[in-house]
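Here's the letter readout for the chains.
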Amino acid sequence: MTTGALSLVETAVRAGVKVCFANPGTTEMPIVAVLDGVPGMRVVLGLFEGVCTGAADGWARMTGRPAATLLHLGPGFANGIANLHNARRARTPVVNWIGDHATRHLVFDAPLTSDIAALTRSVGWTRTLKTVNEMAEASLAAVEAALGPPGRVASLIIPADCQWEPGPEPLSETPFPKLRDLPGSVPREAARLLLKGHGGILLGGNALTARGLHAAASVAAATDCRVWIETFPSLQECGRHVPHFPALPYFPEQAIKALENITTLVLAGAREPVAFFAYPDQPSRFAPEAATLYTLADPDAGDNAVLALEALAQELDAPVAATSPAAMPAFSPSGQPLDPDSLCRTMAAFTPENAIVVNEAATTGFTWNAVHASKAAPHTMLFITGGAIGQGLPNALGAALACPERRVIAFQADGSGLYTVQSLWSIARESADVTVVVCANRRYRILQAELARAGIKDPGPKAQALTDLTRPVIDWAELASGFGVPACSVHTDSEFAGALVRSLAESGPNLIEAVLA
Ligand SMILES: Cc1ncc(C[n+]2csc(CCOP(=O)(O)OP(=O)(O)O)c2C)c(N)n1
């Protein structure tokens, strides 16, 4: 019998959804029961909903196709919301299937009843099913909504009776996102503005492929403009083979300084740059007030930023910019205790070609982006877009399952990694090719910097306690082996180099705790 659950799942598979990261409960059992009958759907258990949502985000960033999550009512969804927030900011397509009580049961306000739609609406598109007859059509509608463009988080709230009753035949459609075509007047105007001099381009969103970066380099060569990359990109091609542009700095005073001489800022796949946080006596906007902001490709309208940059280069008759690949960094370990710079330098020397670097290394990750990523072999970087920490390890899981032929390096700050540390178990269970590098500075270093910026030169014991991760020291190697991931701890660049080379030579997961002095 085709149940509503089967209509839902089979329609999603035919629409191109190939994986479901799940943490189900009783209200999702009819869906769980049909999964074995749907061969095209891989199912992965996450031990916390933030693992499921972050893994779906990682999968979708790498494939451009939505992954599904299966979550248990309002509380289960709420546990996954931080990484859905990150997915929303990255414009990643994700489809959530959230079970709810059977419609007749809702009136009794049983213990797990809550306003699920109030939660789902905060991160995107929402539809609450009323009857089983909708199950196939709603499943397809959710995939279409997720694909956009722009990509978004789409949630279906599915009462248990809609899952278990006899359902409609599955639909057989595979939707594809249709990016918006730009009129020729848009690159023409951007060219005119940039030719006036003192121009800048801010790249973001889908501009950060090799093609987009090369087109931006051509435009820069033809107009003498500066180019920056948005501070928190969702996905960026990096390495010696592509032109290197700096990220717009994180702290307002540095970003404002970087843009101070700009009279035009062309936005290519990026929004207007604003401060992550407001500070007393600091403006929120980064570009000078008198500067013209011109949108070449709007990421929220689903514009193709690569084609827009190429059209701009053509408009300028800009020759293809010659890129001289950065030199392979000479690496000779010093045997000294690791610091962020030597850790990143060592990693750059050994990052394998075509790797995926999931960068949630926080302050160490900024050093990687600013100095070292451009010297490494060609790789793809996923970054934390929405600022909600706990994205890195689940993203690495999703990316590794999406691209089994590529090595994933989960470049992970220790504090952030502990939010979704259960990801290690799913990584082990799925034998994912993930090398986790934990930057163990044993503190919330960025928050210590923020305290100093707030003028607290000598934090008291309470402020200190809130940014310190010792007492007790967290033993990452023990944690990892508890979750089934082989692990070691290193203290010097030579030890780190050895451990990294060994890990990359083996299939399956591995964790290296890199203890920072
Ligand atoms: C979900 C969420 N909770 C809390 C924060 C606030 N926060 C920002 S960074 C940070 C800790 C960063 O420490 P760590 O990950 O160890 O990196 P480090 O700064 O030491 O490099 C915290 C708690 C946040 N951004 N997101």
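Residues numbered from 1 in each chain as written. Predicted model: local features only at pLDDT ≥ 70, side-chain atom pairs only at ≥ 80, totals over all residues. Heavy atoms only, no water.

## Concerning the overall build of the protein
A tally of regular secondary structure across the protein gives 21 helices and 17 strands. The globule rule puts the C-alpha radius of gyration for 517 residues at 24 Å, and the 24 Å found for the protein is close to it. Overall, the C-alpha framework of the protein stretches about 65 × 60 × 45 Å when taken along its three principal axes. Of the roughly 20,700 Å² of accessible surface on the protein, 56% is carried by carbon and sulfur atoms. In the protein, 37 positive and 48 negative side-chain charges are present, and the distance between their average locations comes to 3 Å. (Helix = DSSP H or I, 4+ residues; strand = E, 2+ residues; numbered from the N terminus. Rg over C-alpha atoms; globule rule 2.2 N^0.38 Å. Areas by Shrake-Rupley, 256 points an atom, 1.4 Å probe, with all protein chains shown as cover. Lys, Arg positive; Asp, Glu negative; His and termini not counted. Charge placed at Lys NZ, Arg CZ, Asp CG, Glu CD.)

## As for the site of the ligand
In the region of the ligand, 17 residues are neighbours, and Thr363, Gly415, Ser416, Arg445 and Ile446 sit closest. Contact between the ligand and Gly387: a nitrogen atom at 2.8 Å from a main-chain N or O atom of the residue. Notes on the ligand: free accessible area 590 Å², of which the protein chains cover 77%. Those elements that provide at least two residues to the shell around the ligand are helix H14 (362-372), helix H16 (414-417) and helix H18 (445-453). A breakdown of the residues in the shell around the ligand according to their chemical character gives nine nonpolar, five polar and three charged. (Near = heavy atom within 4 Å. Polar contact = N/O pair within 3.5 Å; in protein donor to acceptor, adjacent residues only side chain to side chain. Nonpolar A, V, L, I, M, F, W, Y, C, P; charged D, E, K, R; others polar.)

## Thoughts on helix H13 (residues 340-350)
Most of H13 is tucked away: eight of the 11 residues are buried. Buried within H13 we find Pro340, Ser342, Leu343, Cys344, Thr346, Met347, Ala348 and Ala349. Where H13 begins, the side chain of Asp339 points an oxygen toward the backbone nitrogen of Asp341, at a separation of 3.1 Å. (Buried < 20%, exposed > 50% of the residue type's maximum accessible area, 1.4 Å probe, protein only.)

## Focus: the packing of aromatic side chains
Scanning all chains against the criterion turns up 11 aromatic pairs. Relative to Phe276, the ring of Tyr250 lies with its centre 5.5 Å away and its plane at 55°, an arrangement referred to as tilted. Here Tyr250 is found in the loop between strand S9 (235-238) and helix H11 (252-258), whereas its partner Phe276 is found in the loop between strand S10 (264-268) and strand S11 (292-297), with 26 residues between them in sequence. Exposure remark for Tyr250: the relative accessible area of 13% places this residue in the buried category. With relative accessibility at 34%, the residue Phe276 sits in the partly exposed group. Between Phe331 and Phe350 the ring centres are 5.5 Å apart and the planes differ by 80°, which places this aromatic pair in the edge-to-face class. Highlighted residues: Phe331 in the loop between helix H12 (305-315) and H13 and Phe350 in helix H13, separated in sequence by 19 residues. In this structure, Arg65 packs its charged tip against the face of Phe176, placed 4.8 Å from the ring centre. When the ring centre of Tyr279 is taken as reference, the NZ or CZ atom of Arg453 above it lies at 4.4 Å. (Phe/Tyr/Trp six-rings, centres within 6.5 Å; stacked < 30°, edge-to-face > 60°. Lys NZ or Arg CZ within 6 Å of the ring centre and 35° of its normal.)

## Re the pattern of salt bridges
Taken as a whole, this structure holds 17 salt bridges when the rule is applied. For Arg192, the salt bridge goes to Glu189, with nearest N and O atoms at 2.9 Å. A residue pair is termed a helical-turn pair when its members lie 3 or 4 positions apart in one helix, as Arg192 and Glu189 do in helix H9 (residues 185-195) at three residues. For Glu310, the salt bridge identified is with Arg211, shortest N-O distance 2.7 Å. Of this pair, Glu310 sits in helix H12 while Arg211 sits in helix H10 (residues 210-223), and the two are 99 residues apart along the sequence. With a relative accessible area of 27%, Glu310 lands in the partly exposed category. Several salt bridges converge on common partners, so that one network encompasses Arg91, Arg271 and Asp300. (Salt bridge = Lys/Arg side-chain N within 4 Å of Asp/Glu carboxyl O.)

## Observations regarding the nonpolar core
Considering soluble globular proteins, one finds that nonpolar side chains tend to be buried as a cluster. The biggest cluster of nonpolar side chains holds 49 residues, and the ones touching the most others in it are Phe21 and Val434. Looking at which element gives the most residues to this core, the answer is helix H15 (residues 392-402), with seven residues. Once residues lying within four places of it in the same chain are set aside, the contact partners of Val434 are Ala396, Ala400, Arg407, Val408, Ala410, Ile427, Gly508, Pro509 and Asn510. Residues Ala190, Leu203, Leu213 and Val242 belong to the second largest nonpolar core, which totals 33 residues. (Core = buried A, V, L, I, M, F, W, Y, C linked by side-chain atoms within 4.5 Å. Contact = heavy atoms within 4.5 Å.)

## Some points on the packing of helix H3 (residues 49-63) against helix H5 (residues 81-90)
At their nearest, the axes of H3 and H5 sit 8 Å apart, and the two run at 20° to each other. Taken as axis vectors, H3 and H5 run roughly parallel relative to one another. When the axes of H3 and H5 are compared, the crossing they make is left-handed. In this structure, H3 uses Gly50, Thr53, Gly54, Asp57 and Arg61 to contact H5, whose residues at the interface are Asn83, Leu84, Asn86, Ala87 and Ala90. Within the contact of H3 with H5, the residues separate by chemical class into three nonpolar, five polar and two charged. (Axes fitted to C-alpha atoms, helices over the stretch in contact; angles between N-to-C directions. Parallel < 35°, antiparallel > 145°, perpendicular 65-115°, else oblique. Left-handed = near helix turned anticlockwise from the far one by under 90°.)

## A word on unusual backbone geometry
A cis amide bond links Gly148 to the next residue, Pro149, at an omega of 5°. Its place among the elements puts Pro149 in the loop between helix H7 (135-147) and strand S6 (153-159). Here Pro149 and Pro150 are connected by a cis peptide whose omega angle stands at 0°. Within the element layout of this structure, Pro150 appears in the loop between H7 and S6. Not every positive phi belongs to a glycine, and Asp109 is a case in point at roughly 50°.

## Considering the side chain of Arg91
Locating Arg91 in the fold gives a position in the loop between H5 and strand S4 (94-100). Residue contacts for Arg91: discarding those within four places in its chain leaves Pro150, Gly151, Arg271, Pro299 and Asp300.

## Digging into the sheet that holds S9
A sheet is described by the order of its strands in space; here seven strands give the open sequence S9-S13-S12-S14-S15-S17-S16, paired in mixed fashion. The open sheet is flanked by S9 and strand S16 (487-490), the only strands paired with a single partner. With direction set aside, neighbouring strand axes in the sheet form an average angle of 20°. The sheet contact formed by strand S15 (residues 434-440) and strand S17 (residues 510-515) spans six bridges and is parallel. Counted as the bridge partner of Val437 is Ile512 from S17. The strands touched by H13 are strand S12 (355-360), strand S14 (408-413), S15 and S17; relative to S14, the strand with the most contacts, the crossing angle is about 175°. (Pairing = 2+ DSSP bridges.)

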